[in-house]
Structures are given as structure tokens and as C-alpha cells.
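# Inside the fold
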Amino acid sequence: MEAKRGLRHGDPISPILFVIVMKYLHRKMQMLGKIPNYNYHSMCEKASIIDVSFADDLLVFTRGDMKSVELAMNMFAEFSKATSLKVNPNKCQVYFGGLDDSMKEEIRRVTGFKEGKLPFQYLGISLTSKRMNTHHYMCLIENIVSRIKHWSVNFLSYAGRLQLIRSVLFAKTKYWLSCLPLPKSIMKKLNCYLCTFLWTSQGDMKRKSPVAWKTVCAPKNRGGLNMISIEKWNQAQLIKQLWNLSQKSDNLWVKWVHTYYIKKDIAMTVGIKTGCSWILKAILSPRQIVQNMNCWHIVQQKIKVREIYNEMVELQPKFTWRTLFMNNLARLRACFVVWMACHVKLATKERLCRMGLINNDECVFCSQKETLNHLLFTCLGIKPIWNQVLSWIQIRHDPGEWKDGLKWVIQTSKGKGWKTHVLKIAFIETTYACWKYRNERCFNSTEHNRNIVQDIIDVIVYRCWGYPKIKKHISHLIV
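Residues numbered from 1 in each chain as written. Predicted model: local features only at pLDDT ≥ 70, side-chain atom pairs only at ≥ 80, totals over all residues. Heavy atoms only, no water.

## Examining the overall build of the chain
Using the following cut-off: Each helix corresponds to a stretch of at least 4 residues labelled H or I by DSSP, and each strand to a stretch of at least 2 residues labelled E; elements are numbered beginning at the N terminus. Every radius of gyration here is taken over C-alpha atoms, with the globule rule written as 2.2 Å times N^0.38, N being the number of residues. Relative accessibility decides the category of a residue: with a 1.4 Å probe and only protein chains considered, values under 20% of the type maximum give buried, values over 50% give exposed, and everything between is partly exposed. Residue contacts are defined here by distance: any two heavy atoms, one from each residue, within 4.5 Å place the two residues in contact.
A tally of helices and strands in the chain yields 21 helices and six strands. Against the compact-globule benchmark of 23 Å for 479 residues, the chain has a radius of gyration of 31 Å, which places it well outside the compact range. Taken over the C-alpha atoms alone, the chain extends approximately 90 × 55 × 50 Å along its principal axes. Buried positions account for 41% of the 479 residues belonging to the chain. Put simply, 60% of the contacts in the chain that link residues at least 6 apart link residues at least 24 apart.

Here is the structure:
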């Protein structure tokens, strides 16, 4: 049967047909092992490995002699005759090891492929026969930097850049972390670029970070933003691979390692030989560490990387203000500003003067010194906003300094009632609105020309309206 028409792009049946065809190719290649004249690759014979494929990327391993190569090409010819799918020599390369020039020339003539050079990219990862150096990881760095320098990220807030790091940049990095042990210099560069992008939206370090990256990576109940620590996640991935080796997971890589390295020994006790692969050495090195981990002994069949990572994270003292961000319906950009205020890292004039960036530390609303304690509660330009918002929630309280106000909100917002949720979101959104109002007066030199209190109430109503238990109380407040 000859195909007259191909499948339309995006046809849902095309993946199934592709898998069926590749399964047929795999069975044809496995038939080579039954031919007496065919010779396996020296590191594939015991495991009977000839081909490895993922999607449309195919690797074929064979001994570097003419007979074995000719038999492999004959199988491709039979496959092409049956499926009408032909090998494209322009997209194929052949890699040699330990062969003289005359043999290389003969193999290139038979296959029609160009000679490739190591390392090469396979599934986005650099493959090489030696230990990977720093320059082999530069494609990952360049990928991250190119995404950071994209024009659209310049218009993102802190919270927007935080989400981009979590959803895009860490997704690119995690794939490498799950495959290879990254050098410390590369992980340091990645942390530097991610930290710089979070605080400046640029790829070049221009100023010191307001909050240390170690604090940003801490869990939320420990004062952080629960970002992934690259060093600990890489080590957790290696421990997961060690778990797969010790449990003899049903995958090709584990079977191959047990066949050629571990053999009849146990992964947790086997000695690390001198000629052992550098990746395998990195996987076997934390065997002493995992003996003290609870997740290693509790889970019997499957272990999760997140469980390993959580146990490796250094526990820092808990912050009392952590409860403000739990189940809070406020916008992420507002939560980020309040989080910085809780760490006393907002760029107030008093703090900028201490850093030597400005000379004037007077408040834009009054003549007093602009500190965090003064600005967000006791300032004459900000205090009326707090009074009106609290009056709308039907709460009587005279705002004091920032530290006192923070303690009061933490104590008052305990519980699960509707007023607890409304007070928490009102505190976050009002703090954000006051800081934004201060920046407008400071940088634009404009007078107050909009109803800030009404904007805060509108945000609270909009964020709480989708929750029926809170909605009915919000409707009474509106009336």
C-alpha cells in the first residue's frame, strides 16, 4: 500500500500512528541482534541495546565495522520500503570513537551521513563522552538571558516577574537539573541572573538586591516566597536517581547501569571505581546523606523530588506575620509590596539616605522623617485613608506606627470568620495603595486627584465577590 496523502497538522490520530511506526522500526532494529555477523556497541551488548528513540529523535549504536553498519542500513532500507519513510542524510550525523581515518571514510560512504563532533544536542541536553565543562552549559545560560531580555518583561511588576521565573525560567532550568549535576559556578550564575531579573527586570547586575536570594527561596511560613533553590533541587534530583538505582526501577538507564557498573552488587554499598562515569559518581556520592532522611525510609515504592527537597531546606525561625499571606485574596503585586514592608526593605527616603543615594529624607506629605513606621500609618497624608477603610469594614481602630499596626492586624485577623478575610485583604490592598500613592507624589509631583479609598473598596469587593460566604457580608457593607 502506498500513501497518497499525509495527515493534517494537529490531527489527533497522528501521534498514535507515529508510535506504531516507531515501534515497528524498533522491532526491525532488534532483529539485528539475531544476525551472527552483526556486532553490538561495546557498551550495549550485555543490555542488547541497538536503538534509543524519543519522539522523532533516534540514536543507533553499533560497532565500528563495515558489516555491522551495512546491516543497520539494510534494516533502514527495509523499513523505508514498508512505510515509505526514508532517511534524510542532511539531518543525520555519524559519531566515531577509536577508528582510523580509512574506516571513517568507508562508513561515511556507506551511510551517506556527515561526521558529527562531540558534544551535540539531544533533547535539549549536550551529550559528550567526557566530563562536561562550564562552556557546555552556556546554552542554558544564553536561553535564560535571551528570555529575560525580551521586551515585554520590562512592563511587569515584581509579582509578574516572580510568576515568570516560576513558570518559565525555572521550567527551563529544572529539565537540566533533572538530567545533569550542574557545576557550582553555573548554579551561581543562574541565581545571579534570576535574582537580578526579579529586582531590576534586566539581565545585568546594576544594584544590590533589597532581599537576599536565600530569603526569597525560603518557605512562605519562614518569611520567603517559596522559590526553588537551584542547588538543593539539583541535589534532590540526584537523590531521586539514586533511589531509582537502589530500587531497580523499570527503565532502560537503570538496567544499563546495573548491567555495566553495579552488576550483582547493591547500589547503596557498591564502590565507586576510578573509571566510573562522572554523572554516576555524582549520583552515588550522597549515599551517606540519605540515610538520615525520613522520606528515604518511610516511602517503600516511590519517592517524590518535592519530598526530598522539603527535607533538605534549612528551617529558619517562623515569622509572626506569615499568617497575613495565608488564604489571602489580595492581588499578588500588593502581597509582594507588603512582604517587602514586613522585611523592612521598602525604599523609603530614610533607607535611601542611609545608603547614600539621596540627601533629603523628608516625607512627601509632611515635614517629618520618612521612615517605614511613619509613612504607612501615622503620616498625616496616609492616616485618613486607613481610617476610612477601617470604618467601611466597621472596625474601630486608631492606627499607630507600622510595627504596632502589624501586630494589631495579626492578632485581630485570627479565626475563620468573614471579617478576618476582609481585614486581611483590606490591610494588604490599603498598604499597597498607600505606597503607590506615595510614589506618585514623590516621582510625578502630582496632587491627589482620585479617590484612593473608593479604589481600595472596589478591589476588596471584586476579589471577595466570588466567595458566597463573604459575598453576602460584602453586599451589606456596600449598602
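## Quick look at the pattern of salt bridges
Operational definition: By definition here, a salt bridge exists when the distance from a side-chain nitrogen of Lys or Arg to a carboxyl oxygen of Asp or Glu is within 4 Å.
Counted by the stated rule, this structure contains 11 salt bridges. A salt bridge links Lys 383 to Asp 398, with the nearest nitrogen and oxygen atoms 3.2 Å apart. Within this pair, whereas Lys 383 is found in helix H17 (residues 383-392), its partner Asp 398 is found in the loop between H17 and helix H18 (402-412), the two being separated by 15 residues in sequence. Owing to a relative accessible area of 54%, Asp 398 belongs among the exposed residues under this scheme. Where salt bridges share partners, they join Lys 104, Glu 105, Arg 108, Glu 115 and Lys 117 into one cluster.

## Comments concerning helix H20 (residues 452-464)
For clarity, the threshold we go by: The span expected for a helix works out to 1.5 Å for each residue beyond the first.
A rise of 1.5 Å per residue sets the reference length of H20, with its 13 residues, at 18 Å; its end C-alpha atoms lie 19 Å apart and thus fit the reference within 8%. For H20, the set of buried residues is Ile 452, Val 453, Ile 456, Ile 457, Val 459, Ile 460, Val 461 and Cys 464. Those residues of H20 that are buried lie in contact with H17, helix H19 (418-444) and helix H21 (468-478).

## Concerning a nonpolar patch on the surface
Rule in force here: Grouping into patches uses exposed residues only, defined as over 30% relative accessible area, and leaves out salt-bridged ones; the cut-off is 9 Å for like charges and 5 Å for nonpolar side chains (Val, Leu, Ile, Met, Phe, Trp, Tyr). To be clear on the numbers: accessible area is Shrake-Rupley with a 1.4 Å probe, and residue cover counts the displayed protein chains and nothing else.
On the surface, a nonpolar cluster with roughly 360 Å² of combined accessible area is contributed by Ile 13, Ile 16, Leu 17 and Ile 20. Residue position: Ile 13 is located in the segment before helix H1 (14-30). For Ile 13, a relative accessible area of 42% puts it in the partly exposed group.

## As for H1
Where we set the bar: For this quantity, the arc is that covered by the directions from the helix axis to the C-beta atoms.
Helix length check: H1, at 17 residues, gives a terminal C-alpha distance of 24 Å against a target of 24 Å (1.5 Å per residue), a fit within 8%. Taken residue by residue, H1 has Met 22, Leu 25, Lys 28 and Met 29 as its buried positions. Buried residues along H1 cover an arc of 110° about the axis, so they all sit on one side. When the buried face of H1 is taken as reference, the exposed residues oriented beyond 90 degrees from it are Ile 16, Val 19, Ile 20 and Arg 27.

## Focus on the environment of Ala 267
Mapped onto the elements of the fold, Ala 267 is located in the loop between helix H9 (252-262) and helix H10 (278-284). Taking the C-alpha atoms as reference points, Ala 267 and Leu 245, 22 residues apart in sequence, are found 6.2 Å from one another. What Ala 267 contacts, discounting residues up to four positions off in sequence, is Leu 245, Ser 246, Ile 262, Leu 284 and Arg 287.

## Details of the packing of H20 against H21
Selection criterion: To obtain an axis, a line is fitted to C-alpha atoms, over the contacting stretch when the element is a helix, and the angle between two such axes runs from 0 to 180 degrees between their N-to-C directions. Oblique is the label for any angle not under 35 degrees, not over 145, and not in the 65 to 115 range, which are roughly parallel, roughly antiparallel and roughly perpendicular in turn. By convention, the crossing between two helices is left-handed when the near helix turns anticlockwise from the far helix through less than a right angle, and right-handed when the turn is clockwise.
Contact geometry for H20 and H21: axes closest at 9 Å, N-to-C directions at 155°. Taken together, the axis directions place H20 and H21 in an arrangement best described as roughly antiparallel. In this structure, H20 meets H21 at a crossing whose hand is left-handed. Between H20 and H21, the residues in contact are Ile 460, Val 461 and Cys 464 and Ile 470, Lys 471, Ile 474 and Ile 478, respectively.

## Considering the packing of H19 against H20
Just so we agree on the cut-off: Only Asp, Glu, Lys and Arg are considered charged in this grouping, and only Ala, Val, Leu, Ile, Met, Phe, Trp, Tyr, Cys and Pro are considered nonpolar; every other residue, Gly among them, is considered polar.
Packing of H19 against H20 brings their axes to within 10 Å, and their N-to-C directions diverge by 140°. It follows that H19 is oblique to H20 by the angle criterion. The chirality of how H19 crosses H20 is right-handed. Contacts between H19 and H20 involve Val 422, Ile 425, Ala 426, Glu 429, Thr 430, Ala 433 and Tyr 437 on the former and, on the latter, Ile 452, Ile 456, Val 459, Ile 460, Arg 463 and Cys 464. Broken down by class, the residue content of the contact of H19 with H20 amounts to 10 nonpolar, one polar and two charged.

## Overview of the side chain of Asn 244
Relative to the helices and strands, Asn 244 resides in helix H8 (residues 230-247). The contact partners of Asn 244, leaving out residues within four places of it in the chain, are Ser 249 and Val 254.

## Focus on the pairing of strand E2 (residues 57-60)
Keep this limit in mind: Following DSSP output, two strands are said to pair if at least two bridges run between them.
When strand E1 (residues 51-54) meets E2, the two strands line up antiparallel, connected through four bridges. Residue pairing for E2: Asp 51 is matched across the bridge by Val 60. Here E1 folds back onto E2, and the loop between the two strands holds two residues, one of which, Ala 55, carries a positive phi near 55°.

## Some details on the environment of Val 461
You can see Val 461 is positioned in helix H20. Excluding residues within four positions of it along the chain, Val 461 makes contact with Trp 392, Ile 474 and Ile 478.

## Considerations on the state of the cysteines
We apply this condition: We call a pair of cysteine sulfur atoms a disulfide when they lie within 2.5 Å.
Inspection of the entire model under this criterion finds zero disulfides. Cys 464 carries a free sulfur, and the closest cysteine sulfur to it, the one in Cys 335, is 12 Å from it. Exposure remark for Cys 464: the relative accessible area of 0% places this residue in the buried category.

## Comments concerning the confidence of the model for the chain
Convention followed: As a per-residue measure, pLDDT reflects the predictor's confidence and takes values from 0 up to 100.
Summing up the model confidence of the chain, the mean pLDDT is 86 and the portion of residues at 70 or higher is 93%. Model confidence for the chain, summarised as mean pLDDT per element, is weakest for helix H12 (residues 294-298) at 71 and strongest for strand E3 (residues 93-94) at 94.

## With respect to the packing of aromatic side chains
We describe a pair of aromatic rings using the distance from one ring centre to the other and the angle between the two ring planes. Let me state the cut-off plainly: When the centres of two rings from Phe, Tyr and Trp lie within 6.5 Å, Trp using its six-membered ring, the rings pair. Their planes under 30 degrees apart give stacked, over 60 give edge-to-face, and anything left gives tilted.
Scanning the entire structure with this criterion turns up 19 aromatic pairs. The interplanar angle of 40° and the centroid separation of 4.6 Å between the aromatic rings of Phe 377 and Trp 386 together place this pair among those described as tilted. Residues Phe 377 and Trp 386 agree in their burial class; the two are buried. On the numbers, 5.8 Å between centres and 25° between planes, the contact of Phe 377 with Trp 402 is stacked. Of this pair, Phe 377 sits in helix H16 (residues 372-378) while Trp 402 sits in helix H18, and the two are 25 residues apart along the sequence. The same class applies to Phe 377 as to Trp 402, namely buried.

## Details of the environment of Lys 188
Its location among the elements puts Lys 188 in helix H6 (residues 184-200). Judged by its relative accessible area of 64%, Lys 188 falls in the exposed class. Sequence separation between Lys 188 and Glu 231 is 43 residues; the distance between their C-alpha atoms is 8.8 Å.

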